[in-house]
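What the coordinates show
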Amino acid sequence: MAKILISPGKYVQGAGELKKLGEYAAVYGKKALVLISAGGQKRSGKMIEDSFAAAGVAMEFVLFNGECSKTEINRLRAVLQETGCDMVIGIGGGKIFDTAKAVAYYEKTPVVICPTIASTDAPCSALSVLYTDEGVFEEYLFLPANPNLVLMDTDVIAASPTRLTVAGMGDALATYFEARACVTKGAGTCAGGLSTEAAYALAKLCFDTLMDEGVKAKIALDAGACTAAVEKVIEANTLLSGIGFESCGLAGAHAIHNGLTVLPECHHMYHGEKVAFGTLTQLVLENIPSGELEDIITFCIEVGLPVTLEELGLSEVTDEKIMAVAEAACAPTDTLHNMPFEVTPETVAAAIKAADAYGRYFKAI
């Protein structure tokens, strides 16, 4: 199997870059379908409209219905066809990105991704995570190409709630550990091959950046400051994690996340918050040294990531709920089987219980 690395066509990160969106979009088409939330349009709509007007590019705002589902994708495909748009732009968070990417894929148009938050590594990937209309994980849609452009306006991102960037740290935290598992096993990646040394180095840099800059960035964001640490964490959450997960592979952490989606109590939690707990569960499955496990749990506690099932919304934890998560995580089509040893619902359920217990233990210290 060949080694393959994939990435977005262009990545731009800096203060005030959203004001140039029309200029960037002009390269890809003449009329953009701009997928955005109602709140996003209220906050940034005028600036975006002005940007397109200045660049002489037409645009059509369409409000996102809230779920990256086949129903929503088909609705937006019809809108694109009716309005004559020749490119798709997703502005907002992860489910908007994934929906925009899927619509662009089916309609064979360019796609531009403009995160207003740094809460996941979804922006850079050639992947859409599809859910049912009710928000339960359904399947991965692997796309033939990454976004044409990812545009990160750090002024906008730094002004978003700190919790969202922290959730992005939770998503990014999994990158190196899942990459390590896949490389150890020789598992195929989301890019369709084996990991390159370059991608693995970026996955490790992602982890090192979080450990060095994460707590500083969280404190700065709480103070309303966009510092060098914040800039580095935004890049780690988005670019480093995006290339790292996609070109190195997914393993236990994201499979545990997908398992957690079967519990309605967890639906209010952000993707990266559930992935963070999935990372702890994967590390328990791997039985890493206690000092390393303590370092990761302590980091999560310091930045505000959940380390217990109660923090994920489970006020009542039962063996039946834990086994339901474990069984879903062990689905034949999910990535838990990229771990370099055999996993079963029973071993995963035990790891979930232990991760929860370790989290409660370290929070009490």
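Quick summary incoming for the structure in this document.

Rules used in this analysis
Residues numbered from 1 in each chain as written. Predicted model: local features only at pLDDT ≥ 70, side-chain atom pairs only at ≥ 80, totals over all residues. Heavy atoms only, no water. Salt bridge = Lys/Arg side-chain N within 4 Å of Asp/Glu carboxyl O. Helix = DSSP H or I, 4+ residues; strand = E, 2+ residues; numbered from the N terminus. Buried < 20%, exposed > 50% of the residue type's maximum accessible area, 1.4 Å probe, protein only. Pairing = 2+ DSSP bridges. Phe/Tyr/Trp six-rings, centres within 6.5 Å; stacked < 30°, edge-to-face > 60°. Lys NZ or Arg CZ within 6 Å of the ring centre and 35° of its normal. Right-handed = clockwise from strand over helix to strand, strands pointing away.

1. A look at the pattern of salt bridges
Evaluated as defined, the whole model comprises 20 salt bridges. Of the charged contacts in the structure, one is a salt bridge between D208 and K204, with a shortest N-O distance of 2.8 Å. Within this pair, D208 and its partner K204 are both found in helix α7 (residues 197-222), separated by 4 residues, close to a single helical turn. For D208, a relative accessible area of 27% gives the class partly exposed. Across the pair K363 and E311 runs a salt bridge whose closest N-O atoms are separated by 3.1 Å. Separated by 52 residues along the polypeptide, K363 in helix α13 (residues 345-364) and E311 in the loop between α11 (290-303) and α12 (319-329) bring together distant segments of the chain. Its relative accessible area of 43% is what places K363 among the partly exposed residues.

2. Thoughts on the pairing of strand β1 (residues 11-14)
Alternating positions in β1 separate cleanly, V12 and G14 being buried on one face and Y11 and Q13 remaining unburied on the opposite face. By the bridge criterion, 4 bridges tie β1 to strand β8 (residues 149-153) in an arrangement that is parallel. Residue Q13 lies in a different strand from β8, and its bridge partner there is M152.

3. A look at the packing of aromatic side chains
Counted under the stated rule, the structure contains 9 aromatic pairs. Here the aromatic rings of Y105 and Y106 are separated by 4.9 Å at their centres, their planes lie at 50 degrees, and the arrangement is tilted. Y106 sits in the partly exposed class, given a relative accessible area of 33%. Relative to F362, the ring of Y361 lies with its centre 5.0 Å away and its plane at 80 degrees, an arrangement referred to as edge-to-face. Members of the aromatic cluster, joined through ring pairs, are Y131, F137, Y140 and F142. The lysine or arginine in question, K95, covers the ring of Y131, its NZ or CZ lying 4.2 Å from the ring centre. Here the basic side chain of K204 rests over the ring of Y176, its NZ or CZ set 5.8 Å away from the ring centre.

4. A look at the pairing of strand β4 (residues 87-92)
Most of β4 sits inside the fold, with 6 of its 6 residues counted as buried. Across the two faces of β4 the burial is the same, with M87, I89 and I91 and V88, G90 and G92 all buried. Inspection of the sheet shows strand β2 (residues 31-36) paired to β4 by 4 bridges, in the parallel sense. Across the sheet, the residue bridging to L35 is G90, located in β4. Judged from the 5 bridges that link them, β4 and strand β5 (residues 111-115) form a sheet pairing that is parallel. Within β5, the position partnered with G90 by the bridge is I113. Traced from β4 through helix α4 (residues 94-107) to β5, the parallel crossover comes out right-handed.

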